[in-house]
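One-letter residues, chain by chain:
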Amino acid sequence: MSVNRIEQIKKHNAETSHNIPYDLYKKITEKCCICGFDFIVELHHIDENHNNNSENNMVGLCPNHHAMIHHREFRKQILKELMDKNQIQQN
Ligand SMILES: [Zn+2]
Ligand SMILES: [Zn+2]
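Here is a short report on the structure shown in this document. (Residues numbered from 1 in each chain as written. Chains lettered and ligands numbered in written order. Predicted model: local features only at pLDDT ≥ 70, side-chain atom pairs only at ≥ 80, totals over all residues.)

So, on to the nonpolar core. Formed by 14 residues in total, the largest nonpolar core has its most connected members in Cys-32, Cys-33, Ile-34, Val-59, Leu-61 and Leu-82. For this core, the elements supplying multiple residues, two or more each, are α2 (22–28), β2 (58–61) and α4 (75–84). When residues in this core are grouped by element, the largest group, three residues, is from β2. If we skip the residues at most four places from it in the chain, Cys-33 touches Val-59, Gly-60, Leu-61, Leu-82, Lys-85 and Gln-87. (Core = buried A, V, L, I, M, F, W, Y, C linked by C-beta atoms within 7 Å. Buried ≥ 20, exposed ≤ 12 C-beta atoms within 10 Å, placed from the backbone. Helix = DSSP H or I, 4+ residues; strand = E, 2+ residues; numbered from the N terminus. Contact = placed C-beta atoms within 7 Å.)

What follows concerns the environment of Ile-40. Considering the arrangement of structural elements, one finds Ile-40 in the loop between α2 and β1 (42–45). Spatially, the C-alpha atom of Ile-40 lies 9.1 Å from that of Glu-30, the residues being ten residues apart in sequence. Other than its neighbours up to four places away in sequence, Ile-40 contacts Cys-62 and Pro-63.

Encoded structure:
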């Protein structure tokens, strides 16, 4: 598959399944904001409301950290790391 084709698929996914502009999607999923992994980066909604597509509600996470943030046991730890890295606002 050519790079161009992959780009097209990503653009399509960003705009149809996530309903966000591709440029923003690209920026957020550039790398995992915890470990910096940049091959596979998934979009995570901080408040888990997939309709809340404001920029500060979304972070990019690698499959590992994404699974962890949805896991009861690791959730707090990952959220703390995001806060420490100023990826999410403390309140
Ligand atoms: Zn990661
Ligand atoms: Zn998620």
